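Residue-level listing of the chains:
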There are 2 protein chains.
Amino acid sequence: MRQRAATLTEQLMDAIRNRIATRVLGPGDRLPSVRAFAETMSASPSTVVEAYDRLAAEGVIRARRGSGFYVTGANIPPLSVGEMGPRRERAIDPFWVSRQSLDADATMEKPGCGWLPADWMPGAALRRGLRAIARADTSLLSDYGSTRGSLALRRLLLGWFADEGIDADPEQLLLTGSGTQAIDLVCRYLLHPGDTVLVDDPGYFNFQALLRAHRVELVGVPYTSTGPDIAAFEAALTSHRPRLYITNSALHNPTGATISPQTAHRLLSVAALHDLTIVEDEIFADFEPSPSPRLAVLDGFDRVIRIGSFSKTLSAAARCGYIAGRADWIEGLVDLQVATSFGGPSPLATALIADVLAGGSYRKHMAELRSRLARERDRTAEELAHLGIIPWIMPRGGFYLWCRLPGELDSAEVARHCMDEGVVLAPGNVFSVSQSAASFLRFNVAQTAGERTYAAIHAAISVLQKRAEAEI
Amino acid sequence: MRQRAATLTEQLMDAIRNRIATRVLGPGDRLPSVRAFAETMSASPSTVVEAYDRLAAEGVIRARRGSGFYVTGANIPPLSVGEMGPRRERAIDPFWVSRQSLDADATMEKPGCGWLPADWMPGAALRRGLRAIARADTSLLSDYGSTRGSLALRRLLLGWFADEGIDADPEQLLLTGSGTQAIDLVCRYLLHPGDTVLVDDPGYFNFQALLRAHRVELVGVPYTSTGPDIAAFEAALTSHRPRLYITNSALHNPTGATISPQTAHRLLSVAALHDLTIVEDEIFADFEPSPSPRLAVLDGFDRVIRIGSFSKTLSAAARCGYIAGRADWIEGLVDLQVATSFGGPSPLATALIADVLAGGSYRKHMAELRSRLARERDRTAEELAHLGIIPWIMPRGGFYLWCRLPGELDSAEVARHCMDEGVVLAPGNVFSVSQSAASFLRFNVAQTAGERTYAAIHAAISVLQKRAEAEI
């Protein structure tokens, strides 16, 4: 079953190839010196020399007498975001959950996916909205729309922000094609290849995938039940000088934890000292029973950029996200969105969202979702307990339970077994930059009712436990 | 009126600042040597030394004894795509037309814009489609959709491709949020900062804006009435070793010209010799009276990537584009789209487009558009002739007329005068990498019927002609 382990020389060669593939090293760039690379990789200088010599034989790098090794520029593969990052089996990289969930057919169960089932969504309101749009002016049905996106939707959002205590004007808000696209635009605007970015560990796996596409270094900050570990956060600021910190507030993904007021305040104070910009993704905000501390609210769009979307609450088919922040940054982001997408989200999508939000049924819909999720959370925790799977904390809202497997079993192996049974799981290490969450799984309590899910997990755990016993 | 011209030292300082702002030079990077930069910029070494010294005094760069100047990393501004590229007045950069057109209010006339008026679009079919979607399963109304996008729409497109003689399977097609986003994904996938990309000169202005965001060098190839100038194209391949060539086939933007069979064949032969990848944007294909030579058809998705969209023919509000190409590249592009947008276009938008295309009214709609455009093209050419404005060629289809102003007047000045009268024009140099189209304007014949347009242009020309006479 197992593949031959790569030799240390091969691992070093892969590390260099990876830096070239991810554009950390470009044509003409000098490779690290043998001594420096040996130290970085905890290898002997002679192994590094062998790795460099073999890469030179392949034509990937070239030695220049007395001056080291340089990237030739030959055979540079297309940018591959799927195979970046620490070496792990491609099958279980940060794309695994996304692609398995998005491309799952209707027969599969998806407790690992990141959204609610279609029948939890406000179908009647969406149908009413579509019929209303079908009666609107043809210009709404056929024109590009303005560069910042629907003014009606922006005004609605600004009203919500005002209720939270944030004063902002329509120039500080940009609608985008999705929440992910919003973060991507901000990263393109603010980051430079080679910059360092802080993320939570564990944290949302697609932040890793997205940041790899920006060719930046990721540093994980341990996430506690009251937010990021502040001592580790401060130490990371000092030693890595990151340009950005990307986080979820309001029901952290995957843990469901809530940042405490003290942590939020200290985090912003430390960020100010180091002139750090923070991207706060609040995509789960409306699932909270009551508002938790929010960095953007404390900060008032000075160094915090707020990201949101309607994909979790209303519809992921009407793709739309938004960016709220400093007016001068939004102005630059408008240019960038014109250059890279020509316009923003589909005006049909934003009209639909604005129609549903203005229709008055949204508050009731969210109240129903919250109580339904509370019931499912309890039910799921109880069912999982029968399998020895225990939540790290009981979140106060949202749809995730971040759970530990019994006996430190490897969740990637469980996920692979379950995939064979048509069940998509979200194994812990896809959320972990440090790869320290191998025995965790993230469950979506709205998608974990299926009998097949429990049966498949039970079977997988039994197989792995028996194997572990046999090995002892 | 005119600003003080920048001194040569200031121009050199700007050139370095621009390389830092556009991320061509990053923190820690070494600046070109004084001698090399003096040669590049046709300046004396002493002027370069002065420029470097002043930048060092600002803290932007730092001298290291005996080793040259290095970027410090201090005060690096956010990536600014709006102010990149050759120095020109911000008011008339490649974003000017996009932003003025997209954000124009209903009272303005927009002969410079790049789309048809709403009442030319198939409103009834779009309304029918929306009502059909309002009756569909809630999953269509609320789920993300698959990673490659609607299979129904992909199958429809593949049927069209088969009619042209291209055999491809659904794995070779990826739906995206827009045609621009499709090109942006391809550039992220294939380009490395510092690469060189060939574009047509004149060519679509947003290609320039988009490519600046990728931090690549642009080289323009003169566009003739039968396609790119092949001798210049070949010379550019030899001297610049570009990674990519981005072009419109089927009614070139802005000229409306059509590539000849000989040029298409020679272009592909030369590209093969130099292993060049070609992005062929065919967004105006369905406006042709009969199909012109298409690089993707000759090549069969080997080195040609086909880009398309429905924004010009059906609706720009239902945002959707596509990429067709090699299966392994599409696979990598799927990962990249998941990382940067999570999914593809709005499934509502793709369902709407598929509904209209499958409904059978599309061919009739396009036939009507083509004959209406033919009439408007003749009418517009006639009206413009009264002002001394003459088309470079008479295109065989589409909605553009690429026209020369009388007496070599500056179209940017005409555009500025007309903007004051509420008329958005598209001045020639926004289309030109070499800034050699100052006396051209691009007219959209479907948007040039307004009396105010002709009056404003007439007035602007008179003012400029009088000024020119006074200066003689």
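Owing to the predicted nature of the structure, the values given are computational and were not obtained by experimental measurement. Residues take numbers from 1 onward in each chain, read along the sequence in its written order. Naming scheme: in the order in which they are written, chains are lettered from A and ligands are numbered from 1. The predicted origin of the model limits local features to residues at a pLDDT of at least 70 and limits the giving and counting of side-chain atom pairs to 80 or more, whereas totals for whole chains, interfaces and linings rest on all residues. Each side-chain value is worked out from all heavy atoms of the structure, with water and hydrogens disregarded.

### As for the overall build of chain A
Working definition: helices are DSSP H or I runs of at least four residues, strands are E runs of at least two. Numbering for both runs from the N terminus. Broken down by element type, chain A carries 17 helices and 14 strands. With residues, only the protein chains shown are counted as cover, and all accessible areas are computed by Shrake-Rupley using a 1.4 Å probe. Total accessible area computed for chain A in this model is approximately 18,200 Å², and 50% of it derives from carbon and sulfur atoms.

### Quick look at the nonpolar core
As used in this record, nonpolar core signifies buried Ala, Val, Leu, Ile, Met, Phe, Trp, Tyr and Cys residues forming a set joined through side-chain atoms within 4.5 Å. Relative accessibility under 20% of the residue-type maximum defines a buried residue, over 50% an exposed one, and the middle range a partly exposed one, all with a 1.4 Å probe and only protein chains included. Formed by 282 residues in total, the largest nonpolar core has its most connected members in Ile323(A) and Ile323(B). If sequence neighbours within four positions are ignored, Ile323(B) has contacts with Gln172(B), Leu173(B), Leu174(B), Thr176(B), Ala182(B), Leu185(B), Val186(B), Ile305(B), Arg306(B), Ile307(B), Ile330(B) and Leu333(B). By the convention used here, residues are in contact when the closest approach between their heavy atoms is within 4.5 Å.

### Comments concerning the interface of chain B and chain A
Taken together, the contact between chain B and chain A spans 81 residues of the former and 81 residues of the latter. Buried area, as used here, totals the accessible surface that two parts lose on assembly, with accessibility defined by a 1.4 Å probe and the loss added over both. A combined buried area of about 6,600 Å² lies between chain B and chain A, and 57% of that area is made up of carbon and sulfur atoms. Salt bridge criterion: a side-chain nitrogen from Lys or Arg within 4 Å of a carboxyl oxygen from Asp or Glu. In this structure, Arg188(A) engages Asp184(B) in a salt bridge whose closest nitrogen and oxygen atoms are separated by 2.6 Å. Whenever two N or O atoms come within 3.5 Å, that pair is a polar contact, provided that in protein one can donate a hydrogen and the other can accept it, and provided that, for residues adjacent in sequence, both atoms are side-chain atoms. For the interface between chain B and chain A, the tally reads 42 residue pairs in polar contact (both at pLDDT 80 or more). Breaking the side of chain B that touches chain A down by element, the ones donating at least two residues are α4 (94-102), α5 (123-134), α6 (138-142), α8 (179-190), α9 (205-213), α13 (327-341) and α14 (347-358) of chain B. Considering every element that reaches the side of chain B that touches chain A, the biggest residue donor is α13(B), with nine residues. Residues are grouped as follows: nonpolar covers Ala, Val, Leu, Ile, Met, Phe, Trp, Tyr, Cys and Pro; charged covers Asp, Glu, Lys and Arg; every other residue, Gly included, is treated as polar. When the residues that make up the side of chain B that touches chain A are grouped by side-chain class, the tally is 41 nonpolar, 23 polar and 17 charged.

### Considering the relation of the copies chain B and chain A
Two chain copies, one operation linking them: a rotation about an axis together with a shift along it. The atoms used to superpose the copies are C-alpha atoms, taken from residues with pLDDT of at least 70 in both, and the fit is least squares. When chain B is fitted to chain A, the best match, at an RMSD of 0.2 Å, comes from turning it 180 degrees and sliding it 0.0 Å along the axis. Those values place the two copies in the arrangement expected of a two-fold rotation axis. A symmetric contact is evident, with 100% of the interface residues of chain B recurring at the interface of chain A.

### Examining the domain arrangement of chain A
Domain parsing of chain A yields domain 1 (8-71), domain 2 (90-120 + 363-471) and domain 3 (123-358). Between the C-alpha centres of domain 1 of chain A and domain 2 of chain A the distance comes to 40 Å. Note that the domain bounds reflect an automated or database-derived domain assignment.

### Some words on the pairing of strand β9 (residues 304-309) of chain B
Residue and element names in this part refer to chain B. Along β9, six of the six residues are buried, which leaves the element largely enclosed by surrounding structure. Of the two faces of β9, the one holding Val304, Arg306 and Gly308 and the one holding Ile305, Ile307 and Ser309 are both buried throughout. The pairing criterion for strands is at least two bridges between them, as found by DSSP. When strand β8 (residues 277-281) meets β9, the two strands line up parallel, connected through four bridges. Across the sheet, the residue bridging to Val279 is Ile305, located in β9. Taken together, the four bridges between β9 and strand β10 (residues 321-324) define a ladder with antiparallel strand orientation.

### Thoughts on the sheet that holds strand β3 (residues 173-176) of chain A
All names here are of chain A. With mixed pairing, eight strands are arranged side by side in an open sheet as β3-β10-β9-β8-β7-β4-β5-β6. With partners counted over all chains shown, the strands left at the sheet margins are β3 and β6 (227-228), one partner each. Only the contacting stretch of a helix is used when fitting its axis, a line to C-alpha atoms as for every element, and angles between N-to-C directions run 0 to 180 degrees. Sheet strands in contact with helix α7 (residues 151-164) are β3, β9 (304-309) and β10 (321-324), and its direction is about 125 degrees off that of β3. Strands in contact with helix α13 (residues 327-341) are β3, β8 (277-281), β9 and β10; relative to β3, the strand with the most contacts, it is inclined by about 25 degrees.

### Thoughts on the pattern of salt bridges
All names here are of chain A. A full pass over the atoms with the stated rule returns 40 salt bridges over all chains. Glu331 is paired through a salt bridge with Arg148; the nearest N and O atoms lie 3.1 Å apart. Here the residue Glu331 occupies a position in helix α13, and Arg148 occupies one in the loop between α6 (138-142) and α7, the gap between them amounting to 183 residues. A cluster of three or more residues bridged by salt bridges with shared partners is formed by Glu164, Glu282, Glu288, Arg294, Arg306 and Arg396.

### Observations concerning the sheet that holds strand β14 (residues 440-444) of chain A
Taken together, four strands build an open sheet; the order of strands is β11-β12-β14-β13 (chain A) and the sheet is antiparallel. A single partner strand is all that each edge strand has here, and the edge strands are β11 (390-391) and β13 (426-427) of chain A.

### Regarding helix α3 (residues 45-57) of chain A
Residue and element names in this part refer to chain A. Every helix has an expected span of 1.5 Å times one less than the residues it contains. Between its first and last C-alpha atoms α3 spans 18 Å; for 13 residues at 1.5 Å apiece the expected length is 18 Å, and the two agree. Taken together, the buried positions of α3 are occupied by Thr47, Val48, Ala51, Tyr52 and Leu55. Looking down the long axis of α3, one finds its buried residues gathered within 135 degrees of arc, a one-sided arrangement. Exposed side of α3, more than 90 degrees from the buried face: Ser46 and Ala57 are the residues found there. Where α3 is buried, its residues contact α1 (8-21), α2 (34-40), β1 (61-64) and β2 (68-71). The arc in question is the one spanned by the directions pointing from the helix axis to the C-beta atoms.

### Focus on unusual backbone geometry
Each neighbour pair has its own omega, and for Asn253(A) with Pro254(A) the value is 15 degrees, a cis peptide bond. Positive phi, close to 60 degrees, is recorded for Ala250(A), a residue that is not glycine. With respect to the secondary-structure elements, Ala250(A) resides in the loop between β7 (244-248) and α11 (261-273). Residue class for Ala250(A) comes out buried when judged on its relative accessible area of 1%. Phi is positive for Ser42(B), which is not a glycine, with a value near 50 degrees.

### Thoughts on the environment of Thr47(A)
Residue and element names in this part refer to chain A. Its place among the elements puts Thr47 in helix α3. Along the backbone, Thr47 and Leu8 are 39 residues apart, and their C-alpha atoms lie at a distance of 7.5 Å. Not counting residues within four places of it along the chain, the set of residues in contact with Thr47 comprises Leu8, Thr9 and Leu12.

### Re a negative patch on the surface
All names here are of chain A. A residue counts toward a patch only above 30% relative accessible area and without a salt bridge, and it is joined to like-charged neighbours within 9 Å or, for Val, Leu, Ile, Met, Phe, Trp and Tyr, to nonpolar neighbours within 5 Å. Charge counting treats Lys and Arg as positive and Asp and Glu as negative, with His and both chain ends excluded. To locate a charge, take NZ of a lysine, CZ of an arginine, CG of an aspartate or CD of a glutamate. There is a patch of like negative charges on the surface, built from Asp378, Glu382, Glu383 and Glu451. Sort the elements by how many residues they give to the negative patch and helix α15 (residues 362-386) lands first, with three residues. In this structure, Asp378 sits in helix α15.

### A look at the packing of helix α4 (residues 94-102) of chain A against helix α9 (residues 205-213) of chain A
Residues and elements named next belong to chain A. The N-to-C vectors of α4 and α9 enclose an angle of 110 degrees; their axes lie 8 Å apart at closest approach. The orientation of α4 relative to α9 falls into the category roughly perpendicular. Handedness of the α4/α9 crossing: left-handed. Residue-level inspection shows Pro94, Phe95, Val97 and Ser98 of α4 in contact with α9, the latter providing Phe205, Asn206, Gln208 and Ala209. Each residue belonging to the contact of α4 with α9 can be placed in one class, and the counts come to five nonpolar, three polar and no charged. An angle counts as roughly parallel when it lies under 35 degrees, as roughly antiparallel when it exceeds 145, as roughly perpendicular when it falls between 65 and 115, and as oblique in every other case. Two helices crossing with the near one rotated counterclockwise from the far one by less than a right angle form a left-handed crossing, whereas a clockwise rotation gives a right-handed crossing.

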